[in-house]
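Structural description and commentary
Each chain is listed here by its residues.
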Amino acid sequence: MAKKKEILYRRVFVWSWALRIFHWTFALSCAVLILTGIYIHYPPITTKWAEFKPQYLMGTLRYYHFTAAYFFMAALAVRLYLLFFGNRYERFTDFLPINRRNLRSFWRSLKFYLYLTDEHEWRMGHTVLAGTIYFLLFLAAVVMSITGLYLLYPDISWISKMGVALFGSAQMARFIHYILHWCFIFFVIVHLYIAIWNDFKAPEAIISGAFSGSKFMPADVKED
Amino acid sequence: MSRIPFLRMEGLSRRDFLKICTIATATMGLPVEMVDKVAAAVKSPERPPVIWLHFMECTGCTESLLRSSHPPLARLILELISLEYHETLMSGAGKQAEEALKKALEKYKGKFICVVEGGISTKDGGIYCKIGGRTALEIVKEVASEAAAVIAIGTCAAFGGVQAAHPNPTGAVGVGQVLDRPVINIPGCPPNPYNFLSTVLYILTFKHPPELDELSRPKFAYGRRIHDHCERRPHFDEGRFVEAFGDPAHQKGYCLYKVGCKGPVTYSNCSVVRFCDVGAWPVGVGHPCIGCTEPNFWDRMTPFYEHLPKIYIPAGGGIRAEAEKVGKVAVGGAAAVVAAHAAAGVIKKAVKSFGRKGNQESEE
Ligand code: HEM
Ligand code: SF4
Ligand code: SF4
């Protein structure tokens, strides 16, 4: 083996406590929502069991779905607020491909993920590729919340007015709610994989960073 | 033609009369003290003239209203209103009928209730539905412009109905979409006659239309979901479902969710008012609700025995795939891609370290 090059890393603080609370609330509520949602969509045969021992299964799982939904919506509201009023790295201006600096960074991280380059894209905040996907997920989460509220509160006049105006009928809202639920499953798989993969590739410590709020950057790398 | 002579039936018993008034009052969500007021409105000699138009439809709404096996309700409706024009019921035809419509329009200008049954064709100027050489579009616009109130009876008149189903070759739409005045929708395929009766009674009793929801349906009849008033609901919450028609769960009366019941997304009072004076309603007798009171139900509520619609999306190379299946494939694909990506990383590393070894050897 060739000589090991020594690299100095500095610890940088990027994620505020609000963002970290958002992250874990969102993650846990998503997990509950996906699992209970799958049951609501297709309750597997529990009929025999339910006859033997009354357990209020659908009622209970729906209750968990709705409870998790409130955490989900609260977390989402926090994140939407931080998009505009969070710290530098939490604002949408830092990670959406809306200027040349971000666009270039977008391509660089894409190349990195496709193994076309070995150069890790060092960013204090999200890489632009990740940020764009997160932003799309927030939009999907908003649609999930609106369709979910419409299904949950059919008797509240302003909600049903909004539901009819946006989706035409409750059935359409339910269909959209169901289709978008695949996006969340898709996201969870890819997000977990990439977080772990990145942890192998670059010693940023992003996983523990989601708890502590800090990452590690090579001392000589400057974000452009 | 002040009323349709052969349908004028004497001898509606007082018992039937009070029973129907009570049901109608309850349907409107009014307390029992109001029965007298409603009955008085029914008995009042002043009967509102009604012009009943038929367009693109099957006439099922009229049929279910008349339901000759249980005539008292139809009799009451026909006693209550003065039907000036109704193509299915009147004896006149052709020119005679045209004249009758014209006369009625002149005589009751601004005072009659216009009831429309059937969708309106709008494509190519509406030429796909013509009566006496005039398009449905022209007729309904003319008649409705003179009416005191417009009621769209049935899902066809309310939302376009079966002829508005994809690909909607005639451009059929509901009446409300071609008129620039408020329309009261009484959807259903067919609608419960009590909902029609109660709406008319409401207008007669209170001199103004009932409160409507965002789809212009009277809230007293369409304000609640089937699912929230269903006798099978405890089975839903308990997780006891019919898996197939005729299975033991079906025989025990469990919830029809998994065989496609649209109760959770359908607004109507079927489970409460029920049909045909025999206390029956679809879910009660073991058939899932098909969502007949909702817009686009032929497109969105089908397949009737699955709880979500099938929407086909073009999936490359001219293949059409169900959106739901695409979702499943995409998730499976994500897992596969993740695995492939990880494998590619391992291979790349192996290749590189192999290359490095080679270099080192040649350096030595
Ligand atoms: C990541 C987020 C979410 C996922 C993955 C998810 C998933 C699902 C799924 C798969 C269903 C079954 C759909 C069907 O087949 O009919 C469902 C139903 C439902 N969800 Fe969600 N959901 C999410 C968020 C929400 C939110 C934020 C609400 C807001 C209140 C909500 C409320 C509902 C309601 C009311 C139903 C219908 C339950 C019923 O018909 O009994 N969901 N959800
Ligand atoms: S039968 Fe239909 S309306 Fe009744 S509880 Fe089951 S899903 Fe709901
Ligand atoms: S139960 Fe459903 S399908 Fe049947 S009449 Fe009522 S709304 Fe229509």
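Residues numbered from 1 in each chain as written. Chains lettered and ligands numbered in written order. Predicted model: local features only at pLDDT ≥ 70, side-chain atom pairs only at ≥ 80, totals over all residues. Heavy atoms only, no water.

Taken together, the contacts link 49 residues of chain B with 48 residues of chain A. Buried surface at the junction of chain B and chain A, summed over both partners, amounts to about 4,200 Å²; 60% is from carbon and sulfur atoms. Summed over the three residues of chain B that lose the most area to chain A, namely B:Glu214, B:Glu238 and B:His341, the buried surface amounts to 14% of that side. On inspection of chain B and its partner chain A, the count reaches one salt bridge. (Contact = heavy atoms within 4.5 Å. Buried area = accessible area lost by both parts, 1.4 Å probe. Salt bridge = Lys/Arg side-chain N within 4 Å of Asp/Glu carboxyl O.)

Below, the discussion takes up the coordination of the iron atom of ligand 1. Residue and element names in this part refer to chain A. Donor atoms from the polypeptide that coordinate the iron atom of ligand 1 comprise His65 (NE2) and His177 (NE2), at 2.0 to 2.1 Å from the metal. For the iron atom of ligand 1, the six donor atoms in the first shell make angles of 85 to 179 degrees at the metal, a pattern classed as octahedral. Of the two residues, histidine 65 sits in helix 3 (residues 57-85) while histidine 177 sits in helix 8 (residues 170-201), which places them 112 residues apart along the sequence. The class for histidine 65 is buried, based on a relative accessible area of 11%. With a relative accessible area of 18%, histidine 177 lands in the buried category. (Donors = N, O, S within 2.8 Å, 3.2 Å for Na, K, Ca; no water. Tetrahedral: all angles 85-135°; square planar, octahedral: opposite > 155°, others 65-115°. Helix = DSSP H or I, 4+ residues; strand = E, 2+ residues; numbered from the N terminus. Buried < 20%, exposed > 50% of the residue type's maximum accessible area, 1.4 Å probe, protein only.)

For the rest of this paragraph, the subject is the site of ligand 3. Around ligand 3, the structure places B:Thr266, B:Cys270, B:Phe275, B:Trp281, B:Pro282, B:Cys289, B:Ile290, B:Gly291, B:Cys292 and B:Thr293. Looking at the shell around ligand 3 residue by residue, the classes come out as seven nonpolar, three polar and no charged. (Near = heavy atom within 4 Å. Nonpolar A, V, L, I, M, F, W, Y, C, P; charged D, E, K, R; others polar.)

Let us now look at the packing of helix 1 (residues 14-27) of chain B against helix 8 (residues 193-206) of chain B. What describes two packed helices is the angle between their axes and the distance between those same axes. All names here are of chain B. It is at 9 Å that the axes of helix 1 and helix 8 come closest, and there the two elements cross at 85 degrees. In terms of orientation, helix 1 lies roughly perpendicular with respect to helix 8. Of the residues in helix 8, those touching helix 1 at Ile20, Ile23, Ala24 and Thr27 are Tyr194, Asn195, Leu197, Ser198 and Leu201. A per-class count over the contact of helix 1 with helix 8 returns six nonpolar, three polar and no charged. (Axes fitted to C-alpha atoms, helices over the stretch in contact; angles between N-to-C directions. Parallel < 35°, antiparallel > 145°, perpendicular 65-115°, else oblique.)

Our next topic: the domain arrangement of chain B. All names here are of chain B. Taken domain by domain, chain B holds domain 1 (6-222) and domain 2 (226-309). Counting each side, the surface lost to burial between domain 1 and domain 2 is near 1,600 Å², with a carbon and sulfur contribution of 56%. Between domain 1 and domain 2 we count one salt bridge in total. Arginine 217 serves as the salt-bridge partner of glutamate 294, at 3.0 Å between the closest nitrogen and oxygen. Between the two partners, domain 1 and domain 2, sit seven residue pairs in polar contact (both at pLDDT 80 or more). Those elements giving two or more residues to the side of domain 1 that touches domain 2 turn out to be helix 7 (154-159), helix 8 and helix 9 (219-222). Of the residues forming the side of domain 1 that touches domain 2, the biggest block, three residues, is contributed by helix 9. Along the lines of polarity and charge, the residues of the side of domain 1 that touches domain 2 split into twelve nonpolar, eight polar and two charged. (Domains from an automatic or database assignment. Polar contact = N/O pair within 3.5 Å; in protein donor to acceptor, adjacent residues only side chain to side chain.)

We now examine the layout of surface pockets. In this structure, the second largest pocket encloses a volume near 1,200 Å³. Of all the elements in the fold, those that place two or more residues in the lining of the second largest pocket are helix 5 (100-113) and helix 8 of chain A together with helix 14 (323-363) of chain B. It is helix 14 of chain B that contributes the most residues to the lining of the second largest pocket, eight residues altogether. Across the lining of the second largest pocket, the residue classes tally to 17 nonpolar, five polar and 17 charged. (1 Å grid on protein atoms, 1.4 Å probe; cavity = no way out; pocket = protein on both sides within 12 Å on 5 of 7 lines; lining within 4 Å. Points joined across faces, edges and corners; volume = space filled by probe spheres on them.)

Before going further, it helps to examine the UniProt feature "binding site: [3Fe-4S] cluster" (unreviewed entry) in chain B. Residues and elements named next belong to chain B. Under the present numbering, the feature "binding site: [3Fe-4S] cluster" (unreviewed entry) in UniProt falls on Cys270, Cys289 and Cys292. For the annotated residues, spread through 23 residues, the largest C-alpha to C-alpha distance comes to 10.8 Å, consistent with a single compact locus. Counting through the fold element by element, cysteine 270 comes out in helix 12 (residues 270-273). Once you skip the residues sitting within four places of it in the chain, cysteine 270 turns out to touch Ile226, Phe275 and Trp281. In this fold, cysteine 289 is placed in the loop between helix 12 and helix 13 (297-300). Here cysteine 289 is in contact with Ile226, Gly260, Cys261, Lys262, Gly263, Thr266 and Val283, once residues within four sequence places are set aside. (UniProt positions renumbered as here; feature names shortened; annotations may be inferred.)

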